[in-house]
Amino acid sequence: MLINASHFPRVWLHLIDKTQSTEEGFALYLELLERGESFVLLNAEGLDFSAYPQSKDEMQYVAQWRKTHRALLRQRVLAAIFIEPDAALRDAAQEFAVGYSKFWGYPMLIVASETEALLTADRLLSAQQ
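Here the structure is a predicted model, which is why all the values come from computation and not from measurement.

The strand order across the open sheet built from 5 strands is 1-2-3-4-5, with neighbouring strands paired in mixed fashion. Each end of this open sheet is capped by a strand with a single partner; those strands are strand 1 (2-7) and strand 5 (108-111). Across the sheet, the mean angle separating the axes of adjacent strands is 25 degrees when strand polarity is ignored. The sheet strands contacting helix 1 (residues 22-33) are strand 1, strand 2 (10-14), strand 3 (39-43) and strand 4 (77-83), and the helix crosses strand 1 at an angle near 35 degrees.

Now the structure itself:
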């Protein structure tokens, strides 16, 4: 996972990129949460989640981390916006988005393009101010 916060409050999440270890990525994620400002996660890698394999240890780490920081996640992360150009994959992912939202505590939105993702992010951020 790689978290790119250079365009904060738009934070790009790259799940396939293993430049950062799970621990490093989540340490940065916690730093973002502790800034005290709302932000939006963006991902342009599509919705083929089989491309993001995780070991059992990683899954346990993520679940524990999420449990520990759930209150901050709900307060600070306005949404995770995933870009998926394929309409069939977008439709198929809607059920997954419900479970994702319950797990993380913030909505998972699925859009068709980067333009739509950025407009959605701006709308969410403007409404927060």
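Okay, back to it.
What follows deals with helix 6 (residues 114-128). With 15 residues, helix 6 should cover 21 Å at 1.5 Å per step; its first-to-last C-alpha distance of 21 Å lies within 8% of that length. For helix 6, the full list of buried residues reads A117, T120, A121, L124 and L125. Buried residues of helix 6 fall within an arc of 130 degrees about the axis and therefore sit on the same side. Summarising the geometry of helix 6, the exposed residues directed more than 90 degrees from the buried face are T115, L119, R123, S126 and A127. Its buried side turned inward, helix 6 meets strand 3, strand 4 and strand 5.

By the definition in use, this model includes 13 aromatic pairs. Taken together, the aromatic side chains of F8, F26, Y29, F39, Y61, W65, F82, F96, Y100, F103, W104 and Y106 make up a single cluster linked through ring pairs. In this structure, R35 is placed above the aromatic ring of F8, and the distance from its NZ or CZ to the ring centre is 3.8 Å. Positioned above the aromatic ring of F103, the side-chain terminus of R66 is 4.2 Å from the ring centre.

So, about the side chain of R66. Positionally, R66 belongs in helix 2 (residues 56-68). No salt bridge forms around the buried R66; measuring N to O, its nearest opposite-charge neighbour E58 is 16 Å away. Non-local contacts of R66, meaning those with residues more than four positions away in its chain, are made with L73, F103 and W104.

Parameters at a glance
- Residues numbered from 1 in each chain as written.
- Predicted model: local features only at pLDDT ≥ 70, side-chain atom pairs only at ≥ 80, totals over all residues.
- Heavy atoms only, no water.
- Pairing = 2+ DSSP bridges.
- Helix = DSSP H or I, 4+ residues; strand = E, 2+ residues; numbered from the N terminus.
- Axes fitted to C-alpha atoms, helices over the stretch in contact; angles between N-to-C directions.
- Contact = heavy atoms within 4.5 Å.
- Expected span 1.5 Å × (residues − 1).
- Buried < 20%, exposed > 50% of the residue type's maximum accessible area, 1.4 Å probe, protein only.
- Arc of directions from axis to C-beta.
- Phe/Tyr/Trp six-rings, centres within 6.5 Å; stacked < 30°, edge-to-face > 60°.
- Lys NZ or Arg CZ within 6 Å of the ring centre and 35° of its normal.
- Lys, Arg positive; Asp, Glu negative; His and termini not counted.
- Salt bridge = Lys/Arg side-chain N within 4 Å of Asp/Glu carboxyl O.

Worth remembering: the numbers are spatial, not functional.
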